[in-house]
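Spelled out, the chains give:
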Amino acid sequence: MQNDNSNNERVIVQTDADSLNGQNKCPKCGATDISTNPASGKLRCNYCRFEFDLEKITGMFTNLKELSGEVVGSGASDIIADTNEVVTFKCDSCGAEVVIDTASASQARCHWCRNYLSVNKQIPNGSIPDAVLPFAVSKDEAKTQIEKFVNKRKFFAHPKFKAEFTTENIMGVYFPYMLVDINAHANFTGEGERQVKMYFKGSGNNRQTYYDADSYYIEREFDLIINGLSVESNSNRLNNNDNTKTNNVINAIMPFDVENAVKYNANYLKGYTSERRDINVDQLKDIVNVESKDIARFAANESLQEYDRGVCWNREDFTLKGEQWTSAYLPVWLYSYQQVNGNKKILHYVAVNARTKETMGSVPIHIPKLIGVSIIVEICGIISMAFIDWDYNFLFLFAGIIFFIFMFIKYRNNNARHSYETETKKEISNLRKVDKYIATKKGLTNSNMRSANNERVNGANADNKILDSFSTENLSKNIVNSITSNNPLETFINNTINKGGK
Ligand SMILES: [Zn+2]
Ligand SMILES: [Zn+2]
């Protein structure tokens, strides 16, 4: 992959130029007790109820077609290790000294006059971002969402979890993300296939399905704008393969309406907790490159729909002409539950997107109960096999295992993730297409082009192998692999659920 920016200088946009430290007063009554009204997502004075207008960040590129090189919001600039995190202010009202340790808070109340003092100027410790997307879902709405989610997963839930489950102590958390805008150019070349005919040969058990397909040489070259690709920027959250916590759940509630993010102000954080950014732009570049290229591949698919058997790209050139990084806090309601099993601990989350209410979670399973019911399903499956005439009735042999896996995934959602490749805002322009007929292939036995790679997602972590394995073709392949191995059940489960299943 090429990256035009490697020699370019980083341009830093100062996003906190007119931010004020100290007292932020209500323009109507002068009070300093200001917090988010989740009904509107706007700041509101807690005394006179005056609502503030949302303030946009200024200085960042808006015409992304002109974006070149590397532009970074000052709140996304590199963290400096030995930053002094303690800020001392003189209170405007009484003159007392107020100390704020920015490692844990961005606001403090004056001990003497009870006014609030805030840190809004950025400090290079990752605690103050460029932007914030305010909470727009109330705690009660979040509770309802979480309860609905868990209630659908009660039957196989672990009894201890069922006894202890309560949404009383859910927390509103601002998680740190990098929002990345991209101006890129893509040039893909390869081969695609269109089905022209499907027919059968033979009869009875020897009946085979065949396909004829036209194959084409294809090129797709285009400019691509990606808007607000969101990447976790806390090292704890970025790791979706961490076996001790179900981070992927938090990843899966994306996307957020990041276009509505506003200029950072400490008042938005009142009543919520936040996790600090500890990752810099350079450390996220590889992820962003791979994910942007995935987005480009899916963008190209929109002009490839007639290739119903798939497309195999032989060459994928992808050039980043410009990239723009903004750091932001995004709002999440979080329920967490620690399951302890011997010396193994798993932190299960149920997370609610505090903008869209999208909810995802992981519920601890009572494994003996699930195995018991799966065995009953297995027995019923074997009995049905004798009565039902179906080409694939051998699948009934695996009814219990299939049931186990579906339930496991329904409760634990260890395959859930944000489909950034399709859900990120993007815009294609200057599309150049070449579609040249090569030949008609006859008597193919596969319903899809075997080497097709136009729906490949490279940036998604290994979790998505689970999803892939659920295509029927892979499922039967897994079954065959399992039968031929020494420990069929374990092999099948390992092949199908590649993590967390044990
Ligand atoms: Zn007021
Ligand atoms: Zn004071």
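Predicted, not measured: the structure shown is a model, and the values here were computed from it.

Participant: Hey, could you run me through the overall build of the chain in this one?
Facilitator: A tally of regular secondary structure across the chain gives eleven helices and 18 strands. C-alpha atoms of the chain, sized along the principal axes, occupy 95 × 60 × 40 Å. Long-range contacts, defined here as pairs at least 24 residues apart, represent 77% of the contacts in the chain between residues at least 6 apart. Seen as two clouds, the 58 positive and the 59 negative side-chain charges of the chain have centres 6 Å apart.

Participant: I tried to follow the coordination of the zinc ion (ligand 1) on my own but got confused; where do I start?
Facilitator: Note on the zinc ion (ligand 1): its protein donors are C26 (SG), C29 (SG), C45 (SG) and C48 (SG). The metal-donor distances range over 2.3 Å. Its four donor atoms give the zinc ion (ligand 1) angles of 104 to 115° at the centre, a pattern that matches the tetrahedral case. C45 gets classed as buried once you look at its relative accessible area, which sits at 0%.

Participant: What is the right way to read the confidence of the model for the chain from this model?
Facilitator: Low pLDDT means the predicted atomic positions in that stretch should not be read closely. Scored by pLDDT, the chain has a mean of 89; 90% of the residues are at 70 or more. Looking across the chain, the model is least confident in helix α9 (residues 464–469), with a mean pLDDT of 43, and most confident in helix α1 (residues 139–151), with 98.

Participant: Explain the coordination of the zinc ion (ligand 2) to me, please; I cannot follow it from the model alone.
Facilitator: Angles at a metal have ideal values that depend on geometry: 109.5 degrees with four tetrahedral donors, 90 or 180 degrees with six octahedral donors. All of the protein donors around the zinc ion (ligand 2) are C91 (SG), C94 (SG), C110 (SG) and C113 (SG); their distances to the metal are 2.3 Å. Going along the chain, you hit the donors of the zinc ion (ligand 2) in the pattern C-x2-C-x15-C-x2-C.

Participant: What exactly am I supposed to notice about a nonpolar patch on the surface here?
Facilitator: Residues I367, I371, I375, I379, I383, F387, I388, W390, Y392 and F394 make up a contiguous nonpolar surface patch of roughly 990 Å² in combined accessible area. You can see I367 is positioned in helix α6 (residues 367–387).

Participant: Whenever I open this one, the nonpolar core confuses me. Can you help?
Facilitator: Ranked by size, the top nonpolar core spans 78 residues in total, and within it F256 and W333 carry the most contacts. Y216, I295, Y420 and A460 belong to the second largest nonpolar core, which has 34 residues in total.

Participant: Just checking my understanding: could you explain the environment of A39 for this structure?
Facilitator: In this fold, A39 is placed in the loop between β3 (34–37) and β4 (42–45). Here the alpha-carbon distance between A39 and A136, two residues 97 residues apart in the chain, equals 5.8 Å.

Participant: Mind showing me how you'd approach the side chain of E193 here?
Facilitator: Mapped onto the elements, E193 comes out in strand β11 (residues 171–201). On the accessibility criterion, E193 (4% relative accessible area) is buried. A polar atom in the side chain of E193 sits 2.9 Å from the side chain of R309. Side-chain polar atoms of E193 contact the side chain of K441, separated by 2.9 Å. Sequence-distant contacts of E193, that is, excluding residues within four places in its chain, are made with A213, D214, S215, Y307, D308, R309, G310, K441, L444 and M449.

Participant: Explanation requested: the pairing of β11 in the structure shown.
Facilitator: Working note: regular strand, side chains alternate between the two faces of the sheet. Examined bridge by bridge, β11 and strand β15 (residues 310–341) share 23 bridges and lie antiparallel to one another. By the bridge assignment, Y174 is partnered in β15 with P331. Here β11 runs beside strand β14 (residues 273–274); their pairing, made up of two bridges, is parallel. Looking across to β14, one finds that Y174 is bridged to S274. Pairing analysis gives 23 bridges linking β11 to strand β12 (residues 208–232), with the strands arranged antiparallel. In the strand pairing of β12, A186 is matched with F222. In textbook terms, the turn of a hairpin is the stretch between consecutive antiparallel strands, and for β11 and β12 this stretch comprises six residues, one of which, G202, has a positive phi near 80°.

Rules of the game
Residues numbered from 1 in each chain as written. Chains lettered and ligands numbered in written order. Predicted model: local features only at pLDDT ≥ 70, side-chain atom pairs only at ≥ 80, totals over all residues. Heavy atoms only, no water. Helix = DSSP H or I, 4+ residues; strand = E, 2+ residues; numbered from the N terminus. Contact = heavy atoms within 4.5 Å. Lys, Arg positive; Asp, Glu negative; His and termini not counted. Charge placed at Lys NZ, Arg CZ, Asp CG, Glu CD. Donors = N, O, S within 2.8 Å, 3.2 Å for Na, K, Ca; no water. Tetrahedral: all angles 85-135°; square planar, octahedral: opposite > 155°, others 65-115°. Buried < 20%, exposed > 50% of the residue type's maximum accessible area, 1.4 Å probe, protein only. pLDDT = per-residue confidence, 0-100. Patch = residues over 30% accessible without salt bridge, like charges linked within 9 Å, V, L, I, M, F, W, Y side chains within 5 Å. Areas by Shrake-Rupley, 256 points an atom, 1.4 Å probe, with all protein chains shown as cover. Salt bridge = Lys/Arg side-chain N within 4 Å of Asp/Glu carboxyl O. Core = buried A, V, L, I, M, F, W, Y, C linked by side-chain atoms within 4.5 Å. Polar contact = N/O pair within 3.5 Å; in protein donor to acceptor, adjacent residues only side chain to side chain. Pairing = 2+ DSSP bridges.

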